[in-house]
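Each chain is listed here by its residues.
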Amino acid sequence: MASAHKMVTVKNRAGIHARPAALIAQTANKFASEVLIEKNDSTVINAKSIMGVITMAAGYNTVLTVKAEGSDAEDAVNAIYNLFENKFEEE
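Treat the numbers as computed from the prediction; the structure is a model and nothing was measured.

## Remarks on the packing of aromatic side chains
Here's step 1: Using the criterion set out here, one finds one aromatic pair in the structure.
Here's step 2: Residues Phe84 and Phe88 carry aromatic rings whose centres are separated by 5.0 Å and whose planes lie at 65° to one another, so their mutual orientation is edge-to-face.
Here's step 3: Look at Phe88 and you get buried, because its relative accessible area is 1%.
Here's step 4: The positively charged end of Lys6 is found above the aromatic ring belonging to Tyr81, 4.4 Å away from the centroid.

## Topic: the pairing of strand E2 (residues 34–39)
Here's step 1: Of the pairings in the sheet, the one linking E2 to strand E4 (residues 63–69) comprises six bridges and is antiparallel in character. Paired with Glu38 across the two strands is Thr65, which belongs to E4.
Here's step 2: Between E2 and strand E3 (residues 43–46), which pair antiparallel one after the other, the connecting turn spans three residues, and Asn40 there sits at a positive phi close to 55°.

## Points about the nonpolar core
Most often, soluble globular proteins keep nonpolar side chains buried together rather than apart.
Here's step 1: By size, the foremost hydrophobic cluster in this structure holds 25 residues, and its most contacted members are Ile16, Ile24, Val35, Ile37, Leu64 and Phe84.
Here's step 2: Elements with a contribution of two residues or more to this core: strand E1 (3–9), helix H1 (18–28), E2, E4 and helix H3 (73–85).
Here's step 3: A total of six residues in this core trace back to one element, the largest contributor, which is H3.
Here's step 4: Not counting chain neighbours up to four residues away, the residues in contact with Ile37 comprise Ile24, Thr43, Val44, Ile45, Ala47, Met56, Leu64, Thr65 and Val66.

## Examining the pattern of salt bridges
Here's step 1: One pass over the full model with this rule turns up two salt bridges.
Here's step 2: With a shortest N-O distance of 3.1 Å, Lys11 and Glu85 are connected by a salt bridge. Remark: Glu85 occurs in helix H3 and Lys11 occurs in the loop between E1 and H1; sequence separation between them is 74 residues.
Here's step 3: Residue classification places Lys11 among the partly exposed residues on the basis of a relative accessible area of 30%.
Here's step 4: Given a relative accessible area of 30%, Glu85 falls into the partly exposed group.
Here's step 5: The partner of Glu38 in a salt bridge is Lys67, and the shortest N-O contact between them spans 3.1 Å.

The rules behind these values
- Residues numbered from 1 in each chain as written.
- Predicted model: local features only at pLDDT ≥ 70, side-chain atom pairs only at ≥ 80, totals over all residues.
- Heavy atoms only, no water.
- Phe/Tyr/Trp six-rings, centres within 6.5 Å; stacked < 30°, edge-to-face > 60°.
- Buried < 20%, exposed > 50% of the residue type's maximum accessible area, 1.4 Å probe, protein only.
- Lys NZ or Arg CZ within 6 Å of the ring centre and 35° of its normal.
- Pairing = 2+ DSSP bridges.
- Helix = DSSP H or I, 4+ residues; strand = E, 2+ residues; numbered from the N terminus.
- Core = buried A, V, L, I, M, F, W, Y, C linked by side-chain atoms within 4.5 Å.
- Contact = heavy atoms within 4.5 Å.
- Salt bridge = Lys/Arg side-chain N within 4 Å of Asp/Glu carboxyl O.

Don't take any of this as a statement about function, it's just geometry.
Okay, here's the thing in structure tokens:
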């Protein structure tokens, strides 16, 4: 089974609140792979869960690891990575 991971940094000043969390979950749900977001090597959440993403409480400049496992893992990680790079189109 394919797997992929990338480090991402929260670049939007408001951090991960409801709107970015919804975008992350919607994007993750487009893929068959399991998509996880890891914070501080301890908190691991399912990226397909809006509540999980919100409760992660990732503020500005927080570094996270996006991991995916499955047939489209690379595409899933890149799609989530691009959301972070584009500051969730907020700024």
